[in-house]
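So the chains spell out like this:
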Amino acid sequence: YGEATVIPTPEDAPFPLQTSLYAASKVAGETLLSSYAEGGQLDEAYVFRFVSILGERYTHGHVFDFYRQLIDHPERLKVLGDGAPRKSYLYVQDCIDAMLHVTRAQTAREASHHTQVYNLGTPEYVQVNDSIGFICKALGLTPRLEFTGGDRGWIGDNPFIFLDTTKIQATGWKTKLTIEQGIIRTLRGLEANRWV
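About the cut-offs
Sequence positions are assigned chain by chain, starting from 1 and proceeding in written order. The model is predicted, so local features are restricted to residues of pLDDT at least 70 and side-chain atom pairs to those at 80 or more, both for listing and for counting; the totals for chains, interfaces and linings are taken over all residues. Excluded from the side-chain calculation are hydrogens and water; included are all heavy atoms of the structure. Only Phe, Tyr and Trp rings are paired, with Trp represented by its six-membered ring, and only when their centres lie within 6.5 Å; those with planes under 30 degrees apart are stacked, over 60 edge-to-face, the remainder tilted. For helices the rule is a DSSP run of H or I covering at least 4 residues; for strands it is a run of E covering at least 2, with both sets numbered from the N terminus onward. With a 1.4 Å probe rolled over the protein chains alone, any residue whose accessible area is under 20% of its type maximum counts as buried; one over 50% counts as exposed, and the rest are partly exposed. For a ring to carry a charge above it, either NZ of a lysine or CZ of an arginine must fall within 6 Å of the ring centroid while also lying within 35 degrees of the normal to the ring plane. Angular values range over 0 to 180 degrees, each being the angle between N-to-C directions of two axes fitted as lines to C-alpha atoms, with helices fitted over their stretch in contact. The cut-offs work like this: below 35 degrees is roughly parallel, past 145 is roughly antiparallel, 65 to 115 is roughly perpendicular, and the gaps in between are oblique. In a left-handed crossing the near helix is turned counterclockwise from the far helix by less than a right angle, and in a right-handed crossing that turn is clockwise. Pairs of residues are marked as contacts when any of their non-hydrogen atoms sit within 4.5 Å. Three classes are used, and their members are as follows: Ala, Val, Leu, Ile, Met, Phe, Trp, Tyr, Cys and Pro are nonpolar, Asp, Glu, Lys and Arg are charged, and the others, Gly among them, are polar. Any carboxyl oxygen of Asp or Glu within 4 Å of a side-chain nitrogen of Lys or Arg constitutes a salt bridge here. Here, nonpolar core means buried Ala, Val, Leu, Ile, Met, Phe, Trp, Tyr and Cys residues that are tied together by side-chain atoms lying within 4.5 Å of each other. Here, expected helix span is obtained from the residue count minus one, scaled by 1.5 Å.

(A) View of the packing of aromatic side chains. Enumeration over the complete set of coordinates arrives at five aromatic pairs. Between Y46 and F48, the aromatic rings sit 6.3 Å apart at their centres with planes inclined by 15°, giving stacked as the arrangement. Taking 5.0 Å as the distance between ring centres and 65° as the angle between the ring planes, the aromatic pair formed by Y125 and F162 counts as edge-to-face. Here the residue Y125 occupies a position in the loop between β6 (115-120) and β7 (126-127), and F162 occupies one in the loop between β8 (144-147) and α5 (166-169), the gap between them amounting to 37 residues. With relative accessibility at 37%, the residue Y125 sits in the partly exposed group. Grouping aromatic residues by their ring pairs yields a cluster made of Y46, F48 and Y118. In this structure, R86 packs its charged tip against the face of F160, placed 3.7 Å from the ring centre.

(B) The packing of helix α2 (residues 61-72) against helix α4 (residues 128-139), seen in detail. Here α2 crosses α4 at 45°, and the two axes come no closer than 11 Å. Accordingly, the angle class assigned to the pair α2 and α4 is oblique. Considering how the two elements wind past one another, α2 and α4 form a crossing that is right-handed. Between α2 and α4, the residues in contact are H62, V63, F66, Y67 and L70 and V128, S131, I132, I135, C136 and L139, respectively. Of the residues belonging to the contact of α2 with α4, the class tally is nine nonpolar, two polar and no charged.

(C) View of the environment of P85. Structurally, P85 is set in the loop between β3 (76-79) and β4 (86-87). P85 gets classed as buried once you look at its relative accessible area, which sits at 6%. Separated by 17 residues in the primary sequence, P85 and V102 have C-alpha atoms spaced 30 Å apart. Beyond its immediate stretch of four places on either side in the chain, P85 contacts V126, Q127, V128, D151 and P159.

(D) Structural context of the pattern of salt bridges. For the coordinates displayed, the defined rule picks out eight salt bridges. One salt bridge connects R152 with E3, and the closest N-O pair in it is separated by 2.4 Å. With R152 in the loop between β8 and α5 and E3 in the segment before α1 (21-38), this pair connects stretches of sequence that are 149 residues apart. Counted as one network, the salt bridges with shared partners bring together E3, D151 and R152.

(E) Spotlight on the nonpolar core. Ranked by size, the top nonpolar core spans 20 residues in total, and within it V63, F66, I132, I135 and I183 carry the most contacts. Among the secondary structure elements, those contributing two or more residues to this core are α2, β3, α4 and α6 (179-192). For V63, the contacting residues outside a window of four places in its chain are L54, Y58, I135, I183, T186, L187 and L190. Judged by nonpolar contacts, the second largest core, of 13 residues, contains Y1, F48, L163 and I168.

(F) Structural detail: the packing of α2 against α6. Packing of α2 against α6 leaves a shortest axis separation of 10 Å and a crossing angle of 50°. It follows from the interaxial angle that α2 and α6 lie oblique. In the crossing of α2 with α6, the sense of the turn from one axis to the other is right-handed. Touching H62, V63, F64 and Y67 of α2 are I183, T186, L187, L190 and E191, all from α6. Within the contact of α2 with α6, the residues separate by chemical class into six nonpolar, two polar and one charged.

(G) Geometry of α4. When the terminal C-alpha atoms of α4 are compared, their 17 Å separation across 12 residues agrees well with the 16 Å that a helix rising 1.5 Å per residue should span. Taken as a whole, α4 has its buried residues at V128, S131, I132, F134, I135 and C136. Along its buried surface, α4 packs onto α2, β3, β7, β8 and α6. Downstream of α4 by a residue or two, G140 has a phi angle that is positive, lying close to 70°.

Written as structure tokens, this is what we have:
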């Protein structure tokens, strides 16, 4: 959704000009999939738009980055941006459960379309600073925070990501873990697998 103008962002929100190659590749993939489905080459297609995913076997992203930094230098933590961006995250098992729930359920098709689009996320968001707090508390650390400045961490980063999950929740699916619980499970998975 790029830098969405509607928050929480519903599935039918307009796509702005893309600033991220990663996001642009997702839009291209969705377009190909829906073209096959609407053109009759697939009976039905499901498009799932995720917030950032957390969990065991997680090998990138802010929890991974912060954990690695704190293992090497527990007294300080470098943070891209100013710590204020607001993000939503989803635990990996909740994500898998949502996809299986939708594809197995007898959900009604929208109008005459063969492509169904669902946002997947939690009904909450946190600031990067909140996430730092969860991680540091779980590790028993109080590092000095070093912010790089600006309202985003990298080119294409979005300072506020919060998807409207009303549509998926209407099917009876709900998350089992909060964002904080997902962050802690991810952290514990990294602690148990230092080789990652």
